[in-house]
Amino acid sequence: MKILFLDQSGKPGGAELCLIDIAKPYQDSCLVGLFADGPFKDLLEQQYIPVQVLAAQPIQVRKESSLVQGLSSLGQIGPLIARVVQIAREYDLIYANTQKALVVGALASFFTRRPLVYHLHDILCDQHFSGTNRRLAVTLANRASLVIANSKASQAAFLEAGGRSDIVDVVYNGFEPAVYQHQFDPIKIKQQLGLDGQFLVGHFSRLSPWKGQHILLEALAHCPKDVTAILVGDALFGEQDYVQQLHEQVALLGLEEQVQFLGFRSDVVSLMAACDLVAHTSTAAEPFGRVIVEAMLCGRPVVAAQAGGAVELVETGKTGWLVPPGDALQLAAAIANCRQQPELTKSIAHQAQIEASQRFHLSTINQQIAQLLSRVRLQHQS
Ligand code: UDP
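Note that the structure is a prediction, hence the values are computed from the model and not measured.

## A short note on the sheet that holds strand S10 (residues 259-263)
Moving on, step 1. As summarised here, the arrangement of the 6 strands in space is S10-S9-S8-S11-S12-S13, forming an open sheet in which the pairing is parallel. Only two strands of the sheet have a single partner each, and these edge strands are S10 and strand S13 (321-323). When the angles between neighbouring strand axes are averaged without regard to direction, this sheet yields 25 degrees.
Moving on, step 2. With 4 bridges joining them, strand S9 (residues 227-232) and S10 adopt parallel strand pairing. By the bridge assignment, Val232 is partnered in S10 with Gly263.
Moving on, step 3. On top of the sheet, helix H13 (residues 290-297) reaches strand S8 (199-204), strand S11 (277-279) and strand S12 (302-305); it is set at about 165 degrees to S12, its chief contact.

## Regarding the sheet that holds strand S2 (residues 30-34)
Moving on, step 1. Taken in spatial order, the 7 strands of this open sheet run S3-S2-S1-S4-S5-S6-S7, and their pairing is parallel. Taken across any chain shown, the strands that pair with only one partner, and hence form the sheet edges, are strand S3 (51-53) and strand S7 (168-170). For this sheet the average axis-to-axis angle between neighbouring strands, irrespective of direction, equals 20 degrees.
Moving on, step 2. Taken together, the 3 bridges between strand S6 (residues 146-149) and S7 define a ladder with parallel strand orientation. What sits directly across from Ile148, in S7, is Asp169.
Moving on, step 3. Helix H1 (residues 14-23) contacts strand S1 (3-7), S2, strand S4 (93-96) and strand S5 (116-120) of the sheet and is inclined by roughly 170 degrees relative to S1.
Moving on, step 4. Contacting S1, S4, S5, S6 and S7, helix H17 (residues 362-381) crosses the sheet at an angle of about 165 degrees to S6.

## Some remarks on the packing of helix H10 (residues 213-220) against helix H11 (residues 240-252)
When two helices pack together, their arrangement is given by the angle between their axes and by how far apart the axes lie.
Moving on, step 1. The contact between H10 and H11 brings their axes to 10 Å, and the two run at 0 degrees. Classified by the angle their axes make, H10 and H11 are roughly parallel. From H10, Gln213, His214, Leu217 and Glu218 reach across to H11, where they touch Tyr242, Leu246, Gln249 and Val250.
Moving on, step 2. Here the residues of the contact of H10 with H11 sort into 4 nonpolar, 3 polar and 1 charged.

## Let's talk about the site of the ligand
Moving on, step 1. Surrounding the ligand, one finds 15 residues, the nearest of these being Arg206, Lys211, Arg265, Arg290 and Glu294.
Moving on, step 2. Within the backbone of Val291, one N or O atom sits 3.3 Å away from an oxygen atom of the ligand.
Moving on, step 3. One of the side-chain nitrogen or oxygen atoms of Glu294 is found 2.6 Å away from an oxygen atom of the ligand.
Moving on, step 4. Compared with its free state, where it exposes 540 Å², the ligand has 90% of that area covered by protein.
Moving on, step 5. Top contributing element to the shell around the ligand by residue count: H13, with 3 residues.
Moving on, step 6. In terms of residue class, the shell around the ligand is made up of 5 nonpolar, 4 polar and 6 charged.

## Re the confidence of the model for the protein
Moving on, step 1. Of all residues in the protein, 95% attain a pLDDT of 70 or more, and the chain-wide mean is 94.
Moving on, step 2. Note that residues 61-68 has pLDDT below 50 and, in this model, 16 contacts with residues that lie over four places away or in other chains.

## Here's the deal with the nonpolar core
Moving on, step 1. Grouped together as the largest cluster of nonpolar side chains are 60 residues, with contacts concentrated most on Phe5, Val32, Tyr95, Phe204, Ile230, Ile292 and Leu373.
Moving on, step 2. Examining the composition of this core, we find that 6 residues originate from one element, H13, more than from any other.
Moving on, step 3. With residues near it in sequence (within four places) discarded, Ile230 still touches Leu193, Leu195, Leu200, Val201, Gly202, His203, Phe204, Gln260, Leu262, Leu271 and Cys275.
Moving on, step 4. Ala106, Ala108, Val147 and Val168 belong to the second largest nonpolar core, which has 37 residues in total.

## Comments concerning the pairing of S2
Moving on, step 1. Burial of S2 is extensive: 5 of the 5 residues sit out of reach of the surface.
Moving on, step 2. Burial along S2 is two-sided: Cys30, Val32 and Leu34 and Leu31 and Gly33, pointing in opposite directions, are all buried.
Moving on, step 3. Summarising the sheet, S1 and S2 pair through 5 bridges and their orientation is parallel. Within the sheet, the bridge partner assigned to Ile3 lies in S2 and is Cys30.
Moving on, step 4. Taken together, S1, H1 and S2 form a β-α-β motif whose crossover is right-handed.
Moving on, step 5. The pairing of S2 with S3 spans 3 bridges and is parallel. Note on S3: the bridge partner recorded for Val32 is Val51.

## Quick word on the packing of aromatic side chains
Moving on, step 1. Evaluation of the coordinates by the stated rule reveals 8 aromatic pairs.
Moving on, step 2. Between Phe288 and Phe360, the aromatic rings sit 6.0 Å apart at their centres with planes inclined by 80 degrees, giving edge-to-face as the arrangement. Taken together, the residues span a long stretch of sequence, with Phe288 in the loop between S11 and H13 and Phe360 in the loop between helix H16 (342-359) and H17 at a distance of 72 residues. Phe360 shares its class with Phe288; the two are buried.

Rules used in this analysis
- Residues numbered from 1 in each chain as written.
- Predicted model: local features only at pLDDT ≥ 70, side-chain atom pairs only at ≥ 80, totals over all residues.
- Heavy atoms only, no water.
- Pairing = 2+ DSSP bridges.
- Helix = DSSP H or I, 4+ residues; strand = E, 2+ residues; numbered from the N terminus.
- Axes fitted to C-alpha atoms, helices over the stretch in contact; angles between N-to-C directions.
- Contact = heavy atoms within 4.5 Å.
- Parallel < 35°, antiparallel > 145°, perpendicular 65-115°, else oblique.
- Nonpolar A, V, L, I, M, F, W, Y, C, P; charged D, E, K, R; others polar.
- Near = heavy atom within 4 Å.
- Polar contact = N/O pair within 3.5 Å; in protein donor to acceptor, adjacent residues only side chain to side chain.
- Areas by Shrake-Rupley, 256 points an atom, 1.4 Å probe, with all protein chains shown as cover.
- pLDDT = per-residue confidence, 0-100.
- Core = buried A, V, L, I, M, F, W, Y, C linked by side-chain atoms within 4.5 Å.
- Buried < 20%, exposed > 50% of the residue type's maximum accessible area, 1.4 Å probe, protein only.
- Right-handed = clockwise from strand over helix to strand, strands pointing away.
- Phe/Tyr/Trp six-rings, centres within 6.5 Å; stacked < 30°, edge-to-face > 60°.

In structure tokens form, the structure reads like this:
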């Protein structure tokens with residue numbers, strides 16, 4: 001099957017990393033069309049997945065934009081739409097991986113009569129999107145032949161926002177367990193970080209207010225001095241003010257010796273291997289939470305914020321711990337708990353690793369996607 005994948009981002013967020021795994025089986029007959037240049041394109045090329053940057057300049061549709069702004073930005077993207085329509089004629093199916101890709105993909109689907117699939121990586125609620133963008137997303141998604149929601153939480157929000165129940169299916173992100181079965185020496189990596197002998201909490205996420213790095217810093221202020229944290233990730237979508245705030249918070253709380261900002265890293269697995277605990281601290285509902293599964297696959301204990309998709313991934317006391325979003329004191333208590341009960345923590349991490357390797361195995365997930373796409377194609381042909 002010839003698939004035209006569309007994604008608005010030049011940077012590798014979770015949706016983009018997921019797309020690499022989805023596009024890989026179709027690498028001989030697909031094209032990934034991006035609306036911006038950047039390191040995501042390099043990652044696709046490294047995997048030998050055909051990729052082209054289709055927009056002359058990145059298009060602007062901000063989450064808080066009004067309908068008028070939304071429509072005027074549609075005006076700006078005319079040449080992009082024309083290009084996508086022209087390319088789509090060579091493909092059997094259009095697969096939109098992000099919201100702006102949905103806008104362009106829906107129009108291209110209309111003009112070319114190619115079926116549209118939308119992979120929903122977002123929770124369409126007011127914490128994440130303006131009413132205008134939610135309505136636009138749902139209206140366009142309802143014209144798709146299939147919506148793949150990345151969790152039950154994303155599916156529920158889609159339905160709540162007026163999405164059609166007959167076209168939506170839940171498919172979790174897939175992971176190749178072997179990639180995470182590391183042989184790294186945690187002690188050595190801690191030494192390299194200058195954190196030898198410390199209890200290390202890892203946070204792996206782009207720096208963004210709703211990802212809640214500030215909650216981890218606040219929790220750290222309630223922990224003993226030998227509890228340290230690495231913040232792995234960068235401000236991918238222009239949240240420089242938040243980065244500044246985090247540095248100020250570190251200074252204010254006197255955490256300079258306990259916190260390291262490592263920026264965006266492509267060696268997440270080895271860094272996870274060095275962690276005694278991985279913390280997920282999103283203050284708004286997380287659509288899926290790749291980092292949670294990755295930590296589990298690395299055999300590392302996880303504490304996650306109890307909302308959205310995270311609730312589907314972690315069962316407290318069995319495969320990790322859930323704490324209320326935004327509650328730094330409970331997070332500090334969970335960190336202390338893990339530290340005081342190393343044997344229990346180890347067995348929970350082990351259980352989570354086994355469960356995650358089965359539930360999120362890439363081959364199973366890719367099979368689910370392949371079946372859904374075949375169904376779309378058959379429906380379209382009949
Ligand atoms: N990630 C990475 N390097 C970093 C920080 C994060 O490769 O420095 C990866 C992380 O391993 C995960 C993805 O970025 O695979 C983030 O996905 P998640 O679903 O957790 O959050 P999203 O970015 O989709 O909101």
